[in-house]
Amino acid sequence: MISTFPQSLKAAALKHPKHTAFRCGSTDISYNQLDEKTDQLASHLCSIGVKKGDKVGVYMNRCIETSIAIYGIMKTGAAYVPIDATLPLTRVAYLLNDCEIEHLVSIPLLNRKHSALAAYQTPLKSILGSSAELNIDSTTWDDIFNTSIHNLDEVNIEADDLAYIMYTSGSTGFPKGIMHTHYSGLNYAKLSINHFNLTNDDILANHAPLHFDISTLGYFAGPLACATTVIVTDAHTKMPTSLANLIATEKITLWYSVPLALVQMLQTGILEQLDLSALRLVLFGGEVFTNKYLSELMHLLPKPSFYNIYGPAEVNQCTSYHVKNPPEDKTILPIGKVWEDTDYLIFDKNDQNVADGEIGELLIHSTTRMKGYWNNLELTKKSSYNQTFENSFRIYHRTGDLVRIDDAGELLFMGRNDRQVKIRGYRIEIDEIEACIAQNNEVSEVAVVIVETIEKEKEICAIIIKKENSTLSDKDIKTFCKAQIPVYAVPQRIEFMDSFPRTGSEKIDRNRIIEMLTK
Amino acid sequence: MTEIILEYISKILSNEQLEDELQAEDDLLGGGILDSLGMMKLILFIEEKFNVKVPPEDMTIENFMTVDHITTYLNKK
């Protein structure tokens, strides 16, 4: 019985020792090698004091070491915390402090950032996988792979222990950490394997970076199914032609990404020239796939099954919709039905079930649900709903997503009940961007809105009222934001106004602003 | 040519505050310098500035990894 991730890897190493577990670029790692190298990393981590219940950061680009890092960390009983390598350093320092991270596992490519990071006030004691000269401890990967293996059997990891914490945008201006256990993470892997019939013959393309919840399919379900996961390199994600070629040369059987990556490959026009006959599943999620592009793609690739996947990072995946025919222009593509071991409610503002077909907030109860938000009991409580029965109760996660049921019994996504948006699959709280810009001393007032460009792209736009005598330019604002928040949350467009249009209750009239901007 | 591309990337496209000046041999794709949309903008810029057409099949890692790779590719055209 497999109930933790280390057990999942051990089982794969016993059953398929020579089978490739992960591949990235020209580097391969078999299940046997992965098991041994993660034992070495875990032994090293234990030797520097990492113990069950700790959190260890994973600070890397897309690379083979991500697989060693996460399973190595989990073997110690600690939880891994992925940290986006492109984040501004102030933000990295915030995460290290918020999550009490003393050790980072990284790669030499980020040496310069390691040196800069060591200057910040954080709990950091060491960086593994760094060859920079630091004022804190550092260890190279060569040293780690020379570590003799300690007896790790003494570490007693239970299903309810934390496996990873994934940070996402928070409306307070600071990101929040979503805590998942071995139980919730492994259940997600098990459900994915059942739902998509994954076997050790499958080759999964992992396009998402480690800090993005879509990556859990490749990193978790891959090893549990003893399949091969191809970690798409950063370079491939930026060059759609190379990316499309990769699907052909790697004989990918399952693709999972945000729609944008598929649209970019479609637009290269080279897909029809490639042999993609191995591809049997195309999964997409994170945001809405424009019908026009999805339709084109499905006409081009008639063989694979297409699935629209839905689920906030708090519950991993929870619904899917098998797209059987290329969608017509005006239809809303359903997010589908909940999968196994999952129940849902659709509530109105008073926590009452809405009538059939009415719009309400989606609540999810599932074995894949998170344990809560790290160090934030209040928010955890606020996002939960307890349904009590005679002898038991069920906890639902309030997704904040508005849905309704269509005539065929499929769920349709109808927007948000707050100011969270998805741009290129990234989950962004508009309040967080406003909070960031408001910190600027020369800003008197700020409103952030999302406008649609002529090309139907969503664009973040910040409208600013400057303080008197301020010489603030749009470039200054962008630079200011780039130092604080992730680059995908930095407004592309900055406008200055002398005053905002207001509603009757003196609130900023954001709808009016959007009208003014799109005129 | 090299200078023009370097300047455009450092001034307009770069996601990160570059600590050192961008060099022609720096990896544009592996690190955080450009994202996929930034790369698309760079290709549009090159097409306009140097009056060339970059067909989709040429938009590969081999041709765009560094500014050196880009100039080698453009000189072949």
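Predicted model, so just to flag it, every value in this text is computed and none were measured.

Moving on, we come to the overall build of chain B. Looking only at helices and strands, chain B features 4 helices and 0 strands. Starting at the N terminus and walking to the C terminus, you meet the elements of chain B as α-α-α-α. Over its C-alpha atoms chain B spans a radius of gyration of 11 Å, differing by no more than 12% from the 11 Å that the globule rule assigns to 77 residues. Once the C-alpha set of chain B is aligned to its principal axes, its extents read approximately 35 × 20 × 20 Å. Out of the 77 residues belonging to chain B, those deemed buried represent 48%. Within the structure as shown, chain B displays about 4,100 Å² of accessible surface, and the carbon and sulfur contribution to it stands at 49%.

A few words now on unusual backbone geometry. Residues and elements named next belong to chain A. At Arg424, a residue that is not glycine, the phi angle is positive and equals roughly 50°. Inspection of the secondary structure assignment puts Arg424 in the loop between strand 23 (420-423) and strand 24 (426-429). Residue Asn469 is not a glycine yet carries a positive backbone phi of 65°. Counting through the fold element by element, Asn469 comes out in the loop between strand 26 (458-466) and helix 15 (474-482). Taking relative accessible area as the criterion, Asn469 reaches 75% and is therefore assigned exposed.

Let us now look at the side chain of Thr367 of chain A. All names here are of chain A. Note on placement: Thr367 falls in the loop between strand 18 (360-366) and strand 19 (372-373). The class for Thr367 is buried, based on a relative accessible area of 17%. Setting aside anything within four residues of it in sequence, one finds Thr367 in contact with Tyr183, Ser184, Asn187, Leu191 and Asp341.

This part covers the nonpolar core. All names here are of chain A. Core analysis: the largest hydrophobic core is formed by 90 residues, its most contacted members being Tyr80, Ile83, Phe220 and Leu283. Each residue touching Leu283, except ones within four places of it in the same chain, is listed here: Phe196, Leu217, Leu254, Trp255, Tyr256, Ser257, Tyr307 and Ile309. Counting residues in each nonpolar core, the second largest holds 31 residues, with Leu246, Ile247, Ile252 and Met265 among its members.

All names here are of chain A. Pairing within the open sheet is mixed, and its 3 strands lie in the order 25-26-27. Of all strands in the sheet, those with a lone pairing partner are strand 25 (443-452) and strand 27 (493-496), marking the two edges. Each neighbouring strand pair of the sheet contributes to a mean axis angle of 25°, computed without reference to strand direction. Of the strands in this sheet, strand 25 and strand 26 touch helix 14 (residues 430-438), which is tilted by about 150° from strand 25.

In this assembly, 26 residues from chain B lie in contact with 23 residues from chain A. Roughly 2,000 Å² is buried in total at the junction of chain B and chain A, and carbon and sulfur atoms are behind 55% of that figure. The tally of links between chain B and chain A comes to 1 salt bridge. Seen at the junction of chain B and chain A, the total is 7 residue pairs in polar contact (both at pLDDT 80 or more). Of all elements in the fold, only helix 2 (36-49) and helix 3 (61-64) of chain B reach the threshold of two or more residues within the side of chain B that touches chain A. Top element by residues in the side of chain B that touches chain A is helix 2 of chain B. It accounts for 5 residues. Among the residues forming the side of chain B that touches chain A, the class breakdown is 11 nonpolar, 8 polar and 7 charged.

Here is what the cut-offs are and how they apply
Residues numbered from 1 in each chain as written. Chains lettered and ligands numbered in written order. Predicted model: local features only at pLDDT ≥ 70, side-chain atom pairs only at ≥ 80, totals over all residues. Heavy atoms only, no water. Helix = DSSP H or I, 4+ residues; strand = E, 2+ residues; numbered from the N terminus. Rg over C-alpha atoms; globule rule 2.2 N^0.38 Å. Buried < 20%, exposed > 50% of the residue type's maximum accessible area, 1.4 Å probe, protein only. Areas by Shrake-Rupley, 256 points an atom, 1.4 Å probe, with all protein chains shown as cover. Contact = heavy atoms within 4.5 Å. Core = buried A, V, L, I, M, F, W, Y, C linked by side-chain atoms within 4.5 Å. Pairing = 2+ DSSP bridges. Axes fitted to C-alpha atoms, helices over the stretch in contact; angles between N-to-C directions. Buried area = accessible area lost by both parts, 1.4 Å probe. Salt bridge = Lys/Arg side-chain N within 4 Å of Asp/Glu carboxyl O. Polar contact = N/O pair within 3.5 Å; in protein donor to acceptor, adjacent residues only side chain to side chain. Nonpolar A, V, L, I, M, F, W, Y, C, P; charged D, E, K, R; others polar.

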